[in-house]
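# Summary of structural features
What follows is the residue order along each chain.
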Amino acid sequence: MNRRAYLAACGTLSIGGCLKAVTGGSDAPQPGTVTCAEDLSSSSSNGLGDGSWPTELHDMQNTGQTDAAGPSGCVETRWTWTQDRRLFGTPVIDEGSAYVPHSVIDDVSFVVLDVSTGEEQWQYNDFPLTPRQTPTLVDDTLYLVSSSAIDAVDIQTRTSRWHITFHDEQNQYDVEGLQTPRVANGFVYLAADVGEVFALDEGTGERQWTYDIKGLHPSQAIEEDNQSQAKARRRGKPFAPIAVTEQRVYVSSWDLSLHALDAATGERQWQFSPGTDHLDMMHAPSVVDGTVYTETEDAILYVLDAETGELLWMYDEYGESSDGVSPVVDADSVYIIAGTSTENLFLIALNREDGTVQWERAVGPPFQYPVADADTIYIDEGRNLNAIDKVTGNLKWTLRLDRALAAPATIGDAVFFAADTGGNVYGIW
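So, a few notes on the structure that sits alongside this text. (Residues numbered from 1 in each chain as written. Predicted model: local features only at pLDDT ≥ 70, side-chain atom pairs only at ≥ 80, totals over all residues. Heavy atoms only, no water.)

### Overview of the overall build of the protein
- Looking only at helices and strands, the protein features three helices and 34 strands.
- For the protein, with 429 residues in total, the buried portion stands at 57%.
- In the structure as shown, the protein presents an accessible area of about 16900 Å², 42% of it carried by carbon and sulfur atoms. (Helix = DSSP H or I, 4+ residues; strand = E, 2+ residues; numbered from the N terminus. Buried < 20%, exposed > 50% of the residue type's maximum accessible area, 1.4 Å probe, protein only. Areas by Shrake-Rupley, 256 points an atom, 1.4 Å probe, with all protein chains shown as cover.)

### A few points about the state of the cysteines
- Here the structure, examined in full by the defined rule, presents one disulfide.
- Between the sulfur atoms of Cys36 and its disulfide mate Cys74 the distance is 1.9 Å. In this structure the cystine formed by Cys36 and Cys74 twists about its S-S bond by roughly 90 degrees; its chirality is therefore right-handed. Of this pair, Cys36 sits in strand 2 (residues 34-37) while Cys74 sits in the loop between helix 2 (38-41) and strand 3 (77-82), placing them 38 residues apart in sequence.
- Owing to a relative accessible area of 5%, Cys74 belongs among the buried residues under this scheme. (Disulfide = S-S within 2.5 Å.)

### Comments concerning the packing of aromatic side chains
- The final tally for this structure, using the stated rule, is 16 aromatic pairs.
- Between Phe239 and Trp254 the ring centres are 5.8 Å apart and the planes differ by 75 degrees, which places this aromatic pair in the edge-to-face class. Taken together, the residues span a long stretch of sequence, with Phe239 in the loop between helix 3 (227-235) and strand 16 (243-244) and Trp254 in the loop between strand 17 (248-253) and strand 18 (257-262) at a distance of 15 residues.
- A relative accessible area of 14% places Trp254 in the buried class.
- With a centroid separation of 5.0 Å and an interplanar angle of 20 degrees, the aromatic rings of Phe417 and Tyr426 are classed as stacked. (Phe/Tyr/Trp six-rings, centres within 6.5 Å; stacked < 30°, edge-to-face > 60°.)

### Focus on the sheet that holds strand 25 (residues 333-341)
- Ordered by their spatial adjacency, four strands build an open sheet running 24-25-26-27, and the pairing between neighbours is antiparallel. Across the chains shown, the open sheet's two edge strands, defined by having one partner strand only, are strand 24 (328-329) and strand 27 (357-363).
- Both strand 26 (residues 344-351) and strand 27 contribute to a ladder of six bridges, which runs antiparallel. Note that in strand 27 the partner of Leu347 across the bridge is Arg361. (Pairing = 2+ DSSP bridges.)

### What about the pairing of strand 31 (residues 395-400)?
- Most of strand 31 is tucked away, with five of its six residues classed as buried.
- As defined by bridge partners, strand 2 adjoins strand 31 across three bridges and the pair is classed as antiparallel. The residue bridging Thr35 from the neighbouring strand is Thr398, located in strand 31.
- For strand 30 (residues 384-389) and strand 31, the ladder comprises five bridges, and the chain directions are antiparallel. Pairing of Ile388 across the sheet is with Leu395, part of strand 31.
- The antiparallel pairing of strand 30 with strand 31 creates a hairpin that spans five residues between the two strands, and Gly393 there sits at a positive phi of about 80 degrees.

### Describing the pairing of strand 21 (residues 291-295)
- Counting buried residues along strand 21, five of its five residues qualify, which places the element largely inside the surrounding structure.
- Neither face of strand 21 is open: one carries Thr291, Tyr293 and Glu295, the other Val292 and Thr294, and all of them are buried.
- Two strands pair when backbone bridges link them, and strand 20 (residues 286-288) and strand 21 are joined in this way by three bridges, in the antiparallel orientation. Paired with Val287 across the strands is Val292, a residue of strand 21.
- Count of turn residues in the strand 20/strand 21 antiparallel hairpin: two residues, of which Asp289 carries a positive phi of about 50 degrees.
- When strand 21 meets strand 22 (residues 301-305), the two strands line up antiparallel, connected through five bridges. Paired with Thr294 across the strands is Tyr302, a residue of strand 22.
- Between strand 21 and strand 22, which pair antiparallel and follow one another directly, the connecting turn spans five residues, one of which, Ala299, has a positive phi of 70 degrees.

### Digging into the sheet that holds strand 12 (residues 182-184)
- Strand order in the open sheet formed by four strands is 12-13-14-15, with antiparallel pairing between adjacent strands. The open sheet terminates on both sides in strands that have one partner only, identified here as strand 12 and strand 15 (207-212). With direction set aside, neighbouring strand axes in the sheet form an average angle of 20 degrees.
- As judged from the three bridges shared by strand 12 and strand 13 (residues 187-192), these two strands associate in the antiparallel manner. Among the inter-strand pairings, Arg182 is bridged to a residue of strand 13, identified as Tyr189. (Axes fitted to C-alpha atoms, helices over the stretch in contact; angles between N-to-C directions.)

In structure tokens:
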């Protein structure tokens, strides 16, 4: 029995047990069908709760999870909103509203939906730009980026507080490839594909400092690289969303390093690199309680002291593929994807203190970062959204889709996500 048949039928004896379709009509689940474990099928979610999901990977430290409890029973699709255009990024959720990045075809940068109904509340078109990343919402200001511009939007007045298009200091080229903003310490932090990290004044957008990653020297050229990869390494192109605490900014780069910068000045405090014989970049760092968790593309998890960069422990049981995702970290565990290939991947729960394996289960290759609430990890596998119990590793339910997903966001008992290739946004609980 192959894996898709398993999801439609029963599953391995060791993990999950049999599943039961909530809606049906045919043997093969149709797009939009929720399939729940037998012990959940007789109960339903407690309903839409309060909470917020302010940015990609939930917070400025990239933990990928919220401490709020998630759905306790079976779920169903409550609403679907469609714009028939590609979506770039995850919906941001706060105070009953979902802020959805929009294409700029109609001079609209984002739309705002009612999270309980999916009905459109308003659109923003003061400074229209084409969003390329998930926005960040802090203190009634939504920070939205395109390839080379950022707009700070007051969501109460629905107007722009400030809007900046970037150039380098000598105005020799446009600064392109801005990543998801991070907001802390009175600054807005941005990383750009040209190999620079910026700190902007949160109130005015004025640049406070710039850090040049510099990248690998030409003498450190890697033989296996193509032209594009070699250029990214020389620039020090950031590889994943940065993480920010009160003390530091953490940025992973194509120069095969993780850089820790002083959050107030941009001065580099330390740099960690496994060495140029290790050709796989580190994904978005997660920072929890003075510890940095970062996993490479070839599935090696490095756990570092956040202040010094000292290696505390590492996990490299598989050491071949992590399929492009970052760790999820809660109070007790760190959850990673690791395997011997993209066809042989596992979701693995490790003890946060020493890396002891708590459980693992086979998964399909994800398109996006996994995220979690207090009870459940949500991961897309082959265009399915799967909910997996954090304690046991058992499969709780599956939502069948026919398109690739943007990373989910979860508040209370509800999960929200977008199918980025089709423009649909879903609310399920």
